[in-house]
Amino acid sequence: MELEGILQFFENKTILVTGTTGFLAKVFVEKILRVQPNVKRFSLLVRASNNQAATQRFREEVIKKDIFRILRNNLGANLESFIFERVTPISGDISYENFGIKDSILIEEMWKDIDIVLNSAATTNFDERYDVALGINTYGALHVLNFAKKCIKLKVLLHVSTPYVSSEKGGNILESPLRMEDTPKGTSRLVINAEKEVVEEYLGRLRVQGATNEEITSTMKDLGIKRAKLYGWPNTYVYTKALGEMLLEQFHQNLPLAIVRPTMVTSTYKEPFSGWIEGARTIDGVITAFGKGRLKSFLGHPNSILDVIPADMVVNSIIMAMVTHANKSSQIIFHVGSSLRNPMKLPSLSDLISLYFTQNPWIDRNGKSIKVSKLIVFSNIATFQAYMAIRYKLPLKVLWLANLMLCQYYREIRINLNRKVRVVMRMVDLYKPYAFFTGSFDDSNTENLRVAIRESDVDVNLFYFDPRCIDWEDYIMNTHIPGLTKYSMKP
Ligand SMILES: NC(=O)c1ccc[n+]([C@@H]2O[C@H](COP(=O)([O-])OP(=O)(O)OC[C@H]3O[C@@H](n4cnc5c(N)ncnc54)[C@H](OP(=O)(O)O)[C@@H]3O)[C@@H](O)[C@H]2O)c1
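- An unreviewed UniProt entry annotates the protein as Fatty acyl-CoA reductase of Quercus lobata.
- According to the UniProt record, the Function (unreviewed entry) comment for the protein reads "Catalyzes the reduction of fatty acyl-CoA to fatty alcohols."
- In its Catalytic activity (unreviewed entry) section, UniProt records this for the protein: "a long-chain fatty acyl-CoA + 2 NADPH + 2 H(+) = a long-chain primary fatty alcohol + 2 NADP(+) + CoA".

### A short note on the pairing of strand S3 (residues 87-91)
Part 1 of the reasoning: The buried fraction of S3 amounts to 4 of the 5 residues, a majority that puts the element mostly inside the structure.
Part 2 of the reasoning: The pairing of strand S2 (residues 41-46) with S3 spans 5 bridges and is classified as parallel. In the strand pairing of S3, Leu44 is matched with Pro89.

### Regarding the site of the ligand
Part 1 of the reasoning: Taken together, 25 residues sit near the ligand, with Thr21, Arg57, Asp93, Tyr237 and Arg281 positioned nearest.
Part 2 of the reasoning: Here an oxygen atom of the ligand and a backbone polar atom of Gly22 are 2.9 Å apart.
Part 3 of the reasoning: Here an oxygen atom of the ligand sits 3.2 Å away from a polar atom, N or O, in the main chain of Ala122.
Part 4 of the reasoning: Elements with a contribution of two residues or more to the shell around the ligand: helix H2 (23-35), helix H10 (236-251) and strand S8 (264-266).
Part 5 of the reasoning: Classifying every residue of the shell around the ligand by side-chain character gives 11 nonpolar, 9 polar and 5 charged.

### A closer look at the sheet that holds strand S5 (residues 156-160)
Part 1 of the reasoning: With parallel pairing, the 7 strands of this open sheet are ordered in space as S3-S2-S1-S4-S5-S7-S11. Looking along the sheet, the strands with just one partner apiece sit at the ends: S3 and strand S11 (331-336). Neighbour-to-neighbour, the strand axes of the sheet open up by a mean angle of 15°, direction not taken into account.
Part 2 of the reasoning: In the sheet, strand S7 (residues 257-262) pairs with S11 via 6 bridges, with the strands oriented parallel.

### Quick notes on the nonpolar core
Part 1 of the reasoning: Residues Phe10, Phe28, Leu33, Phe42, Ile318 and Met322 are the most contacted members of the largest nonpolar core, which totals 151 residues.
Part 2 of the reasoning: Setting aside its immediate chain neighbours within four residues, Leu33 contacts Val39, Phe42, Phe68, Leu71, Phe82, Ile83, Arg86 and Val87.

Conventions used here
- Residues numbered from 1 in each chain as written.
- Predicted model: local features only at pLDDT ≥ 70, side-chain atom pairs only at ≥ 80, totals over all residues.
- Heavy atoms only, no water.
- UniProt positions renumbered as here; feature names shortened; annotations may be inferred.
- Buried < 20%, exposed > 50% of the residue type's maximum accessible area, 1.4 Å probe, protein only.
- Helix = DSSP H or I, 4+ residues; strand = E, 2+ residues; numbered from the N terminus.
- Pairing = 2+ DSSP bridges.
- Near = heavy atom within 4 Å.
- Polar contact = N/O pair within 3.5 Å; in protein donor to acceptor, adjacent residues only side chain to side chain.
- Nonpolar A, V, L, I, M, F, W, Y, C, P; charged D, E, K, R; others polar.
- Axes fitted to C-alpha atoms, helices over the stretch in contact; angles between N-to-C directions.
- Core = buried A, V, L, I, M, F, W, Y, C linked by side-chain atoms within 4.5 Å.
- Contact = heavy atoms within 4.5 Å.

Listed below in structure tokens is the structure:
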């Protein structure tokens, strides 16, 4: 593996990035601007009505974020001019061919200039509408590939995926490509275009029936889960991401394609400073709900490994993957996580979460300090359901009497409680693959990158992504949860 100058690789290059208003791509853009100011141009695709609105979104949702604090401190009032000399926000949507860009001169210029493409756009909602998730995570990936193929100077397309595309398999999961015939269940034949037709058929039927938007959304969400489960994936998100990878694998031909599959991405470990995060996905949803006193228990196997990885390490591995796979007419996959090299067990995380919020209680919007007791982790669905039934259904005897008396007030309470139980059980179902994951993600390709860095004269302190250096207790208590409470937990 040749590793002459990582920084030189980005010098005078034009980079197309999708998903810049999202969490991960912001960390990437900030890092390149900070360490390689001689990048030629960033073309940043932003969903907006026009380029001006895209620029406005970029200004509000990207530059103003704390992640730019170091650059802001260094450049002061010159920050905006420094950024806009190097960055062009472009209005576009990956669910359309050519991102729906109508300006043919702009498109021609992009095809002529772009050297590197990072596709970080996705819908990361596990319970997304099937039509939306298929449009973005599956066909969106194909549209980015088709666009990249027309870029005459293209060195590499880097697509961000997730290792959970391998579904609920245990053991050591390899960095293998996904092929159409590789559905986890292996029983039903998967044809992606036929899935599009299923969606259109459902939408057509709903329209004829005069369904409301709410009914369409709910039917489309259920359809996503149903199709995912039919083939063996646990939720619409990982299923449609898997289909996206399959399309890339099938159609990339000779294009240099690197797929980075980070596990659960958490707050920055070190750069630009520790603890920056945006949003609260997967385990962070559990942490924030627990801190706010809304969640007292969760479901998970005592031996589950929670594979988390800080965002700056993911970005460093993306950078390294771009550099090392440039101009190679093949596909390569990198698992970027911690389960193999430095696994963190679910019980240790639940203990740390409980300890953190006991020592640092969350203060709600009324200034009230939220007291928490230890997070209970149930190891199987039956005990969890029993607990939920006790927690929410104890007053049923009273409600039964109230029902007999046709008391509307009590009925409403009961309907609400049942709905709450249903919502919790749906969440449990969606998160089950993470909370019951006992395998590990093999990361041989990523380890090769680490070895290459160690053996070269590249500054390891600038491009670190070795999870072995993480002390989980210290990171969770002093970096991650403080970051989460600062940036993602709103009163
Ligand atoms: N965060 C994690 O824990 C994690 C773990 C594994 C893999 N990943 C993958 O990493 C990538 C980045 O994730 P993230 O956490 O940064 O996600 P995120 O914060 O939810 O950001 C998603 C980004 O995609 C954009 N986007 C969505 N649909 C689009 C469309 N049709 N056209 C153009 N842009 C669109 C969003 O734009 P809007 O602002 O307009 O919505 C947003 O900028 C994704 O591919 C995700 O699957 C993330």
